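Each chain, written out:
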Amino acid sequence: MRVAVTGGSGKLGRAVVRDLVEHGHDVVNLDRAPSSEPAGAFVRVDLSDYGQVLGAFLGVDDRFDRLDAVVHLAAVPAPGLVPNTAAFENNILATHHVFAAARAAGIRTVVWASSETVLGLPFGPDNPPPCIPVDEEYHPRPNSSYSLAKTLEEEMAAQFCRWQPELTATGLRFSNVMEPADYAEFGSFEADPGRRIWNLWGYIDARDGAQAVRLALSRSGPGVEVCIIAAADTVMTRPSAELAAQAFPGVPPTRALRGRETLLSIDKARRILGFEPAHSWRDEG
Ligand SMILES: NC(=O)c1ccc[n+]([C@@H]2O[C@H](COP(=O)([O-])OP(=O)(O)OC[C@H]3O[C@@H](n4cnc5c(N)ncnc54)[C@H](O)[C@@H]3O)[C@@H](O)[C@H]2O)c1
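The numbers attached to residues start from 1 for each chain and follow its sequence in the written order. Restriction of local features to residues with pLDDT of at least 70 applies here, the model being predicted, together with a cutoff of 80 or more for giving and counting side-chain atom pairs; totals for whole chains, interfaces and linings are based on all residues. Hydrogen atoms and water are omitted, and side-chain values are computed over all heavy atoms in the structure.

Novice: Describe in detail the nonpolar core, supporting the description with residues and values.
Specialist: Side-chain atoms within 4.5 Å are what join buried Ala, Val, Leu, Ile, Met, Phe, Trp, Tyr and Cys residues into a set we call a nonpolar core. Note on classification: 1.4 Å probe, protein chains only; a residue is buried when its accessible area is under 20% of the maximum for its type, exposed when over 50%, partly exposed between these limits. One finds Leu-172 and Ile-229 to be the most contacted residues of the largest nonpolar core, which totals 58 residues. When residues in this core are grouped by element, the largest group, 7 residues, is from helix 5 (residues 206-217). Aside from chain neighbours lying at most four places away, what touches Leu-172 is Val-111, Trp-112, Ala-113, Ser-114, Ser-115, Ala-212, Val-213, Ala-216, Cys-227, Ile-229 and Leu-273. Formed by 29 residues, the second largest nonpolar core is a distinct cluster that contains Val-53, Ala-101, Leu-167 and Val-226. Here a helix means four or more residues in a row that DSSP labels H or I, a strand means two or more in a row labelled E, and each is numbered from the N terminus. Residues count as neighbours in contact if any of their non-hydrogen atoms are within 4.5 Å of one another.

Next comes the structure, spelled out in C-alpha cells:
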C-alpha cells in the first residue's frame with residue numbers, strides 16, 4: 001500500500017513509519033516538523049489548513065501521485081502541553097481535514113489515533129472506572145479539552161462512515177506510548193501504586209502501537225470501529241487483581257484477572273485486528 005502517516009515525525013509516528021516500511025509499504029510522512037527517522041519520504045504539511053491536506057492527499061510532485069490509505073497520528077498528544085483550546089482547535093481541525101480530504105480524494109482506509117483518555121482518565125479514588133477491566137462498551141467520559149476532541153473525533157469518524165459507506169475507519173485508543181529508553185523508570189512505580197493509577201497502570205510499547213496500526217490498515221469490512229491498544233501487562237509487579245481490589249474496592253472485576261494482565265482490555269483488538277503485543281517492559285534490559 002502507499003500510505004500517508006500524519007504526525008510521522010512524532011514518538012508513535014516514527015515507530016509506525018519504520019514498521020510500515022519494514023513490512024513493504026510505501027510510506028510518506030506528512031508533518032509540520034521533519035523526522036529523525038530515515039525511513040519513508042517526508043512532505044511538510046500543516047494539517048490545520050484544509051487546502052494543504054487535500055493537496056497532499058491528491059499527490060505531491062516528485063513524491064507520489066495517489067494514496068491507498070491514511071494513518072492519522074498528528075496531534076498535540078496530551079492535555080497540559082498547550083492551552084486547552086489550542087489543543088482542541090489543532091486536533092479537531094486536523095482530524096476533520098484528514099477525514100474530509102480522504103473522502104474528497106477517494107481514500108477508503110483511514111486509521112487514526114484516539115486515546116485512552118476517552119475512557120474517563122484520570123482515574124483515582126474520586127473517579128473510579130465504571131468497570132474493570134475498562135473496555136469499549138461504555139460511552140466516552142472525556143475530562144479535558146484534549147479528550148473532548150478525541151471523543152468528538154470518534155463521533156466524526158462514525159458520521160464520515162455514514163456519508164461514505166465504503167470507508168473503513170479504525171480508531172485506536174492508545175495507552176501511554178513508551179519507547180525502550182522510557183522503561184528505565186518503570187521499576188520505581190512499584191513503591192507507589194498511586195503514581196500510575198490515573199490510567200490503571202497501562203502503557204503501550206511504540207513498536208506494538210505500530211503493529212496495531214499495520215493490522216488496522218488491513219481490517220476488512222466498511223464502517224467505524226474503535227479499539228483500546230495497550231500492552232498485555234501493567235507497569236507494576238504485583239498482580240492486577242490485588243491492584244484493582246486495593247485501589248477500587250467498589251468496582252469488582254467483571255471477570256477473573258490473570259497475573260499482571262492489563263486492566264485496559266485489549267480483547268476487542270485481539271478479536272477484530274488479531275493484535276497481540278510482542279513487547280513488555282519486563283523484557284527490556
Ligand atoms: N504519547 C502518548 O502517550 C499517547 C497516548 C494516547 C494517544 N496518543 C495519540 O497518538 C498520536 C501520536 O502521539 P505522539 O506521542 O507520537 O505525539 P508527538 O507529539 O510525539 O507527535 C505528534 C506529531 O504531530 C505533528 N503535528 C501536530 N499537529 C500538527 C499539525 N497541525 N500539522 C502537522 N503536523 C502536526 C507534530 O509535529 C508531531 O511530529 C496523537 O494523536 C496522540 O494524541 C498519544
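Anyway, onward from the coordinates.
Novice: Mind laying out the site of the ligand, listing which residues take part and the relevant values?
Specialist: Taken together, 25 residues lie around the ligand, and Leu-12, Asp-31, Leu-73, Tyr-146 and Val-177 are the ones closest in. Identification of polar contacts relies on pairs of N or O atoms within 3.5 Å, with a donor-acceptor requirement for protein atoms, meaning one able to donate a hydrogen and the other able to accept it, and with residues adjacent in sequence counted only if both atoms are side-chain atoms. With respect to the ligand, the backbone of Lys-11 contributes an N or O atom lying 2.8 Å from an oxygen atom. Taking Asn-90, its side chain carries an N or O atom lying 2.8 Å from a nitrogen atom of the ligand. By residue number, the principal contributor to the shell around the ligand is strand 5 (residues 109-115), which donates 3 residues. Put simply, a residue is near a molecule or strand once any heavy atom of it comes within 4 Å of that molecule or strand.

Novice: Which residues make up the environment of Arg-2, and what values do they have?
Specialist: As for its position among the elements, Arg-2 is in strand 1 (residues 2-6). Counting along the chain gives 66 residues from Arg-2 to Asp-68, while the straight-line C-alpha distance between them is 5.3 Å. If we skip the residues at most four places from it in the chain, Arg-2 touches Asp-26, Phe-64, Asp-65, Arg-66, Leu-67, Asp-68 and Ala-69.

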